[in-house]
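One-letter residues, chain by chain:
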Amino acid sequence: MNIDKNDILIIFPLIALLLLGIIMVASSSIYIADNNESNPFHFVQMQSLFIAIGILAMICFLLLPSNFLYKTDWIFMLISIILLIALFIPDIGTSVNGSTRWIRIGPVGIQPSEICKFSLILYISGYSVRRMSEINSLRSFIKPLVLLFVISILIMFQPDLGSTAIVCALVVGILFYAGISYSQLGLLILLIALLGYLAITESPMRLARILAFTDPFAPDVVQKAGWQLSNSLISIGQGGWFGVGLGNSIQKSFFLPEAHTDFIFAILVEELGVIGGLFLIALFVILLGGLISISFDSFKKKCFFQGYVVFGIFLLISIQAFFNIAVNIGLVPTKGLTLPFISYGGTSIIIMLSLMGIVLRVNNENKLL
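It should be emphasised that the depicted structure is a prediction, and the values quoted were computed from it without experimental measurement. (Residues numbered from 1 in each chain as written. Predicted model: local features only at pLDDT ≥ 70, side-chain atom pairs only at ≥ 80, totals over all residues. Heavy atoms only, no water.)

Engineer: Just to check I follow, could you spell out the overall build of the protein for this structure?
Structural biologist: The helix and strand tally for the protein stands at 14 helices and three strands. Here the protein holds 369 residues, and 51% of them are scored as buried. Once local pairs closer than 6 in sequence are excluded, the contacts in the protein between residues at least 24 apart make up 72%. A total of about 16500 Å² of accessible surface is found on the protein, and carbon and sulfur atoms cover 72% of it. (Helix = DSSP H or I, 4+ residues; strand = E, 2+ residues; numbered from the N terminus. Buried < 20%, exposed > 50% of the residue type's maximum accessible area, 1.4 Å probe, protein only. Contact = heavy atoms within 4.5 Å. Areas by Shrake-Rupley, 256 points an atom, 1.4 Å probe, with all protein chains shown as cover.)

Right, here's the structure in full:
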């Protein structure tokens, strides 16, 4: 199969992001890995293993016809719901920092909310095609919202507001792309905003994060809810234009929590500078440009399911990358979201690479039409 422009727009930034991610996980995790695991390279070794598994998964989905995913999207969705429910079964779900988000299998932890994002993209895309002629009817509009409500409740009880917001954005974005009216879109946004407001105001921890976001360096919050954001901003401020040098970050020395996961962008900017941060953003822009190009090509060739799926993947990566970077630089309140392809995390990297396999498969199928 010949490599075309879309392949280049996907493959080259993807390789660059994975390599940059391995480098930054190695650098940002070296002290915490040595302290917790007595091995300074523990997290980068695990991340390399996750990437290897993810590449195998990507190859599997590259070989799998996209129509098979269309026919079996409900199976993926059912598995995701079962895994989300399993989190609340004693001795299955594992709690970390007060959140029950992982199912532990030996040394490996599976995060069902990440798998749910993958499944929702497939299922809502398939549903949009099956109900294309009646997507604006009340019955067809309500059905996916019932599913979204169930999933949102299961994720919120973990609790995980960030992932809940992303799955809501995915469903709303794909349905709008599929043709729901502006009034339906407005109603959905209003409802989600109301639920988000209630979720924040009813939780002292989330409310404290919002208040800390307004002034993270205030004396009464900097040592509490503002600790992560204030140290992230210090990290970015120390980087300047060209950074302090790879491996020379000060903030990763137990000052900035989650330096190798949620706040890896701050460490990247501290070590590689604003130039390094802009380079990372440029890689994401190129990748997202390739995704939207493949989505448009699919619609031109009347491959609607494939077009919706690739658009959903575009939404997932763009939203998650935007919010992670925005949290790191203080544009939005702190929430637990990883940076795609960069942050440490097994389920996240495997799911993301699986989605890339679907994208490349769709592009290959488009070449034959």
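Engineer: It is not clear to me how the packing of helix H5 (residues 73-86) against helix H6 (residues 112-130) should be interpreted in this structure. Could you clarify?
Structural biologist: Any two packed helices are characterised by the angle at which their axes cross and by the distance between the axes. As a packed pair, H5 and H6 sit with axes 8 Å apart at the nearest point and diverge in direction by 145°. Handedness of the crossing formed by H5 with H6: left-handed. In this structure, H5 uses Asp-73, Trp-74, Phe-76, Met-77, Ser-80, Leu-83 and Leu-84 to contact H6, whose residues at the interface are Pro-112, Ser-113, Ile-115, Cys-116, Phe-118, Ser-119, Leu-120, Leu-122, Tyr-123, Gly-126, Tyr-127 and Arg-130. Looking at the contact of H5 with H6 residue by residue, the class counts come to 13 nonpolar, four polar and two charged. (Axes fitted to C-alpha atoms, helices over the stretch in contact; angles between N-to-C directions. Left-handed = near helix turned anticlockwise from the far one by under 90°. Nonpolar A, V, L, I, M, F, W, Y, C, P; charged D, E, K, R; others polar.)

Engineer: Is there a simple way to explain unusual backbone geometry in this structure?
Structural biologist: Glycine aside, negative phi is the norm for most residues, and most peptide bonds take the trans geometry. Unlike most non-glycine residues, Ser-38 shows phi in positive territory, near 60°. Structurally, the position occupied by Ser-38 is in the loop between helix H2 (30-37) and helix H3 (42-63). Given the relative accessible area of 63%, Ser-38 is considered exposed.

Engineer: Quick question: what am I supposed to make of the packing of aromatic side chains here?
Structural biologist: Geometry of an aromatic ring pair is reported as the spacing of the ring centres plus the angle between the planes. One pass over the structure, following the stated rule, counts 13 aromatic pairs. Site record: aromatic cluster; members linked through ring pairs are Tyr-177, Phe-299, Phe-304, Tyr-308, Phe-311 and Phe-314. For the cation-ring pair, Arg-130 lies above Tyr-123, with the distance from its terminal atom to the ring centre recorded as 5.9 Å. (Phe/Tyr/Trp six-rings, centres within 6.5 Å; stacked < 30°, edge-to-face > 60°. Lys NZ or Arg CZ within 6 Å of the ring centre and 35° of its normal.)

Engineer: Would you explain the pattern of salt bridges in this entry?
Structural biologist: Opposite charge on two side chains allows them to pair when their charged atoms are near. All told, the structure shown has five salt bridges when counted by the stated rule. Linking Lys-117 and Glu-114 is a salt bridge whose minimum nitrogen-to-oxygen distance equals 3.0 Å. Of this pair, Lys-117 and Glu-114 are both found in helix H6, three residues apart, which corresponds to roughly one turn of the helix. Accessibility expressed as a relative area gives 6% for Glu-114, which makes it buried. With a shortest N-O distance of 2.9 Å, Arg-361 and Glu-365 are connected by a salt bridge. Residue Arg-361 and its partner Glu-365 are both found in helix H14 (residues 346-367); the two are separated by four residues, about one turn of the helix. (Salt bridge = Lys/Arg side-chain N within 4 Å of Asp/Glu carboxyl O.)

Engineer: Looking at this structure, how should I read H3?
Structural biologist: Residues that lie three or four places apart on an α-helix share one face, since the helix turns once every 3.6 residues. With 22 residues, H3 extends 32 Å between its outermost C-alpha atoms, agreeing within 8% with the 32 Å of an ideal straight helix rising 1.5 Å per residue. Turning to H3, its buried residues are Phe-43, Val-44, Met-46, Gln-47, Phe-50, Ile-51, Gly-54, Ala-57, Met-58 and Phe-61. Viewed end-on, H3 has its buried residues packed into an arc of 145°, placing them on one side of the element. Pointing more than 90 degrees away from the buried face of H3 are the exposed residues Leu-56, Cys-60 and Leu-63. (Expected span 1.5 Å × (residues − 1). Arc of directions from axis to C-beta.)

Engineer: Please explain a nonpolar patch on the surface as it appears in this structure.
Structural biologist: On the surface, Phe-88, Ile-142, Val-146, Phe-149, Val-150, Ile-153 and Phe-157 cluster together into a nonpolar patch covering about 650 Å² of accessible area. For Val-146, the position within the fold is in helix H7 (residues 138-156). For Val-146, a relative accessible area of 48% corresponds to the partly exposed category. (Patch = residues over 30% accessible without salt bridge, like charges linked within 9 Å, V, L, I, M, F, W, Y side chains within 5 Å.)

Engineer: For this particular structure, what's the right way to read the environment of Leu-17?
Structural biologist: With respect to the element layout, Leu-17 can be found in helix H1 (residues 5-28). Between the C-alpha atoms of Leu-17 and Phe-341, which are 324 residues apart in sequence, the distance is 6.0 Å. Sequence-distant contacts of Leu-17, that is, excluding residues within four places in its chain, are made with Leu-280, Leu-283, Phe-284, Leu-287, Phe-341 and Ile-342.

Engineer: Is there a simple way to think about the packing of H1 against H14 in this case?
Structural biologist: Two numbers describe how H1 lies on H14: the axes approach to 10 Å, and their chain directions differ by 165°. Looking at the two axes, H1 sits roughly antiparallel to H14. For the pair H1 and H14, the crossing hand works out as left-handed. Together, Asn-6, Asp-7, Ile-10, Ile-11, Leu-14 and Leu-18 of H1 and Ile-349, Leu-353, Met-356, Val-359, Leu-360, Asn-363, Asn-364 and Lys-367 of H14 make up the contact between the two elements. The residue inventory of the contact of H1 with H14, partitioned by class, reads nine nonpolar, three polar and two charged. (Parallel < 35°, antiparallel > 145°, perpendicular 65-115°, else oblique.)

Engineer: Where do I start with the nonpolar core in this structure?
Structural biologist: Here is a general trend for soluble globular proteins: nonpolar side chains tend to be buried in one another's company. Leu-291, Ile-317, Phe-341 and Met-356 are the most contacted members of the largest nonpolar core, which has 69 residues in total. Residue assignment for this core shows that the elements contributing at least two residues are H1, H3, H6, helix H8 (161-178), helix H12 (264-300), helix H13 (304-328) and H14. Ranked by residue count, the leading element in this core is H13, at 14 residues. In terms of nonpolar packing, the next biggest core, distinct from the first, is built from 30 residues, Leu-84, Tyr-127, Cys-168 and Ile-174 among them. (Core = buried A, V, L, I, M, F, W, Y, C linked by side-chain atoms within 4.5 Å.)

By themselves, these observations are geometric and do not establish any function.
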